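Structural overview for review
Below, each chain spelled out in residue letters.
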Amino acid sequence: MLKTQTCGELRSEHDGQSVLLAGWVHRRRDQGGLIFIDLRDRWGITQVVVNQETAPEAHAVASGARNEYVLQVKGAVRIRPEGTANDELETGAIEVVASEIVLLNAAKTPPFYINKEEKIDEVERMRYRYLDLRRPRMQRNIILRHKIVKFIRDYLDERDFVEIETPILFKTTPEGARDFLVPSRLMPGHFYALPQSPQQLKQLLMVAGYERYFQIARCFRDEDLRGDRQPEFTQLDLEMSFVQREDVIDLIEGMMIELSEKVAGKTPLIKPFPRLTYTEAMEKYGSDKPDIRYDLTAVDVTDLAGKSGFQVFVDNAAAGKPVKVIRAPGLLRGKEDPTKALSGEGLKRLMKELEDLIRTTGAKGLAWMALPLEENGEVKGPIGKFFTVEQKVELFERVDAQAGDILLFTSDKRETVYEVVNVLRRHLAEALGLVDSDTVAFCWVIDFPMFYWNEEEQRWDPSQHMFTSPVPEDIPLLDTDPGAARGSQYDLACNGYEVAGGSIRIHSRELQEKMFPLIGQDMEHAREEFGHMLEAFEYGVPPHGGIASGIDRLAMVLAGEPNIREVIAFPKTQKGADIMAHAPSEPDPRQLEELYLRVVVPEEEQEQ
RNA sequence: GGGGACGUGGUGUAGCGGUUAACAUACUGCCCUGUCAAGGCAGAGAUCGCGGGUUCGAACCCCGUCGUCCCCGCCA
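Residues numbered from 1 in each chain as written. Chains lettered and ligands numbered in written order. Predicted model: local features only at pLDDT ≥ 70, side-chain atom pairs only at ≥ 80, totals over all residues. Heavy atoms only, no water.

What about the packing of aromatic side chains?
For any pair of aromatic rings, the description consists of the separation of the ring centres together with the inter-plane angle of the planes. Scanning all chains against the criterion turns up 14 aromatic pairs. Between tryptophan 444 and tyrosine 490, the ring centres sit 6.5 Å apart and the planes meet at 75°, which makes this aromatic pair edge-to-face. One end of the pair, tryptophan 444, is in strand 16 (residues 442–446); the other, tyrosine 490, is in strand 19 (residues 489–494), with 46 residues separating them in the sequence. Aromatic pair phenylalanine 451 and tryptophan 460: ring centres 6.2 Å apart, planes at 55°, arrangement tilted. (Phe/Tyr/Trp six-rings, centres within 6.5 Å; stacked < 30°, edge-to-face > 60°. Helix = DSSP H or I, 4+ residues; strand = E, 2+ residues; numbered from the N terminus.)

Shown next as structure tokens:
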């Protein structure tokens, strides 16, 4: 080894020890006859000091060194002189007095700071990803990610799980997303599909009798990117035989708690994790992956508002459309001076902003009431006058309204109300400073509807995938009222992200076959695509179920990062490109020839 | 496919119709033996993403285009 110690490990007890360090110049402070170099490696930073008088050759090398030069330093550990210790640095009690310095490699001036936390343009970060990855933030995240995966492997290994790899070159997996295709050279005109998840394969492993399988699996979905979504991503994929919902939930909940506490150092806000039915989640939070770090829950006041004098609410209530209220605590208070209430232009602007926001959901408007700060002040807002004093009292009691709160009313068809609630919660939480990126708040969402109606295609779509079993008591509903049937699906949400989702699977061929016509697939096609599954189902399938958890997203939440790219070493841009290596790129014509492919790009696309 | 934001020395920002295009930092040189975001002095570095238009005059206004990001659609 070119080093005997790392730059993170030396302490006072190493005083006098002779060491060999190697790393990058993090910073250099040239005092003339004395040069200080902060030498950095993955483990930390150690101050190297070079004295011109005692080590003239080393001093000359240090003098010519610049940021990010790669150096090897031979020297002796010394406790820093009285008054020069640095408490900020883990190795700050000591320094290494250099006797020899070898320049292992010079470096160009980096295009951005390695030694400073600063926002840098994404293009630059991606183009020089190997430099971006040197920065402390990325090192922290990438190492945290490693620890998460390592913890998961150990946790599952201790519980007798077997890690089994499944193919990347496979065939279309019915998760509903667009497939990435890979042409076959040996079978001209045929294509592999990259797996959207190892769903079928893990179920077949249950048929195969492994009982407890997991995999840290790469998955691929050819859909547009988002802040929490990349076209290729990593999942903890897991399946167990002879289990019920509770077994899977218990296993994962235990794992998530330990991951948060032992690996990420964050205690989950509520333990055990709260469980919400899908309906509860939608009614209270307007989302099936609610962020429960903050309250801001929607309260149903349809009955009350239906009796008010406000015609819109009366009509909607009569038509079965809900009226919901979100209490925004202290929203009326001024930003600079919380003892003063917003009024006039300030209030107008605030409400305009909220109204613009909720219009993106298709909602027509936002009614509101503001509770004055002073004892006997007037309730402000356009709809106050439509409620009697008694109605207002009851309303305020129901939502626990306080002085300075603004109550936001939304009423529309149910789906729109949900969306408004979701959008408002997220916005208000941010605006009121209720979001803490150091907190993790998990909750389970269960009792999803088995299907939702696809208006366009005029058919039922599975709300998870076609292998999800209905909850046992709802199986008869498949024949009578599929829309009312609940699936055995369970999702785990954390901080407003879905971090895991799974279900108990169908393990009977009859029931599985029943699914195809319901979701608008004819049997012939189903047999073609999934014949191997149906056939396997005839050879003694154990009851089984499992779950999958997006590792990238989980790492993002545990790291408190706002974007999934921050926990992926080499992520893709929103167009799915790698700006560093220039992927995707045009293939060599000979490659296409070998694959019997011809590229036909429409003219308007070519011009670009 | 749609909506929005951004693009100014290497980096981060200011400037938003007439500026010598400002500031911080990085960079280069010199000085300096206890610094740690070192300090001091000097210096170099920008046709303001690209193309077109409006104007006596454009970094600034308009149109287009490219790129990045956020969101909807899509995707669980």
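On we go.
Section: the sheet that holds strand 5 (residues 94–105)
Spatially, 1-2-3-5-4 is the arrangement adopted by the five strands of the closed barrel, whose pairing is mixed. This sheet shows a mean twist of 55° between the axes of neighbouring strands, independent of strand direction. Examined bridge by bridge, strand 3 (residues 44–51) and strand 5 share two bridges and lie parallel to one another. For valine 48, the partnering residue across the bridge sits in strand 5 and is valine 96. Strands in contact with helix 1 (residues 56–64) are strand 1 (18–30), strand 2 (34–41), strand 3 and strand 5; relative to strand 5, the strand with the most contacts, it is inclined by about 65°. (Pairing = 2+ DSSP bridges. Axes fitted to C-alpha atoms, helices over the stretch in contact; angles between N-to-C directions. Contact = heavy atoms within 4.5 Å.)

Quick notes on the packing of helix 10 (residues 344–359) against helix 12 (residues 414–431)
The contact between helix 10 and helix 12 brings their axes to 9 Å, and the two run at 135°. One element, helix 10, and the other, helix 12, form an angle in the oblique class. As helix 10 runs across helix 12, the sense of the crossing is right-handed. Seen from helix 10, the contacting residues are Glu353, Leu354, Leu357 and Ile358; seen from helix 12, they are Val420, Val423, Leu424, His427 and Leu428. Residue composition of the contact of helix 10 with helix 12, by class: seven nonpolar, one polar and one charged. (Parallel < 35°, antiparallel > 145°, perpendicular 65-115°, else oblique. Left-handed = near helix turned anticlockwise from the far one by under 90°. Nonpolar A, V, L, I, M, F, W, Y, C, P; charged D, E, K, R; others polar.)

Quick word on the side chain of arginine 80
Position of arginine 80 relative to the elements: it lies in the loop between strand 4 (70–79) and strand 5. Within the buried set, arginine 80 has no salt-bridge partner at all; the shortest N-O distance to an opposite charge, 4.3 Å, is to glutamate 95. Among the polar contacts made by the side chain of arginine 80, one reaches the main-chain carbonyl oxygen of isoleucine 94 at a distance of 2.9 Å. Residues in contact with arginine 80, not counting those within four places in the same chain, are Gln47, Ala85, Asn86, Leu89, Thr91, Gly92, Ala93, Ile94 and Glu95. (Buried < 20%, exposed > 50% of the residue type's maximum accessible area, 1.4 Å probe, protein only. Lys, Arg positive; Asp, Glu negative; His and termini not counted. Salt bridge = Lys/Arg side-chain N within 4 Å of Asp/Glu carboxyl O. Polar contact = N/O pair within 3.5 Å; in protein donor to acceptor, adjacent residues only side chain to side chain.)

Structural notes on helix 7 (residues 278–285)
Residues separated by three or four positions in an α-helix point in the same direction, a consequence of the helix having 3.6 residues per turn. Of the residues making up helix 7, those classed as buried are Ala281, Met282, Glu283 and Tyr285. Residues of helix 7 that are buried make contact with strand 11 (275–277), strand 12 (298–300), strand 13 (323–328), helix 12 and strand 16. Looking at the residues trailing helix 7, positive phi occurs at glycine 286, about 70°.

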